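Coordinates in review
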Amino acid sequence: MNVTISPKDRGYLLETTLRVPRSLDEVFRVFSDAKNLEQLTPRALRFKILTPDPIVMRPGLLLDYRLHLHGFPVRWQSEISAWEPPHRFEDRQRKGPYRWWVHEHSFVGDGDHTEMTDRVKYGVPGGALVHRLFVARDLRKIFEYRATQFCHMLGVPEAECDGY
């Protein structure tokens, strides 16, 4: 998987693409299940979903989380702003550690493979220095971990998961 972070609109753009040998429906179903976020997030972040079950994904759904960034507890709330199964969904930070955060997840099926793309547009309190010293490195590690974990969740051997 390639993680690219570049300046964008007085903020930043993170893009990742991962191709897995699984059907579009299976990939979307597993990835869009909010309960899987805990398994897809590095343990060091101590990520916990606070929104009670059942979580039914739809536009307008608010999701509440708790996590730790560099040892500090953080509350985060996101809103599902677009829901177009099985091709895309988008979440936007309503409250949290970023100035803004818009995360589009898109899925394209190609026979028995699916390509997943993440596009995150975000702004960082503290600007370029904070981004360079902490945020860019942290996000790169989080998204690389997520790709690895997602392949494991699907039972995809490393050699068959484009992005290792």
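What you see is a predicted model, and the numbers here were worked out from it, not measured in a lab.

Rules used throughout
- Residues numbered from 1 in each chain as written.
- Predicted model: local features only at pLDDT ≥ 70, side-chain atom pairs only at ≥ 80, totals over all residues.
- Heavy atoms only, no water.
- Disulfide = S-S within 2.5 Å.
- Helix = DSSP H or I, 4+ residues; strand = E, 2+ residues; numbered from the N terminus.
- Buried < 20%, exposed > 50% of the residue type's maximum accessible area, 1.4 Å probe, protein only.
- Pairing = 2+ DSSP bridges.
- 1 Å grid on protein atoms, 1.4 Å probe; cavity = no way out; pocket = protein on both sides within 12 Å on 5 of 7 lines; lining within 4 Å.
- Points joined across faces, edges and corners; volume = space filled by probe spheres on them.
- Nonpolar A, V, L, I, M, F, W, Y, C, P; charged D, E, K, R; others polar.

**Topic: the state of the cysteines**
- Going through the model one piece at a time under the given rule, you end up with one disulfide.
- The disulfide that involves C151 links it to C161, with 1.7 Å between the sulfurs. With C151 in helix 3 (residues 127-153) and C161 in the segment after helix 3, the pair connects residues that are ten residues apart, well separated along the chain. C161 shares its class with C151; the two are buried.

**Digging into the pairing of strand 8 (residues 113-123)**
- Judged from the nine bridges that link them, strand 2 (residues 11-20) and strand 8 form a sheet pairing that is antiparallel. Among the inter-strand pairings, T16 is bridged to a residue of strand 8, identified as D118.
- Taken together, the eleven bridges between strand 7 (residues 100-110) and strand 8 define a ladder with antiparallel strand orientation. Among the inter-strand pairings, S106 is bridged to a residue of strand 8, identified as T117.
- Hairpin geometry of strand 7 and strand 8 is characterised by an intervening segment of two residues between the two adjacent antiparallel strands and by a positive phi of about 70° at G111.

**Overview of the layout of surface pockets**
- If you add up the space inside the largest pocket, you get close to 870 Å³.
- Contributing to the lining of the largest pocket are 37 residues, with L67, W76, W101, L139 and I142 lying nearest its centre.
- Secondary-structure elements contributing two or more residues to the lining of the largest pocket are helix 2 (37-40), strand 4 (62-69), strand 5 (72-84), strand 6 (88-95), strand 7 and helix 3.
- Among the elements that make up the lining of the largest pocket, the one with the highest residue count is helix 3 (nine residues).
- In the lining of the largest pocket, the residues fall into 26 nonpolar, six polar and five charged.

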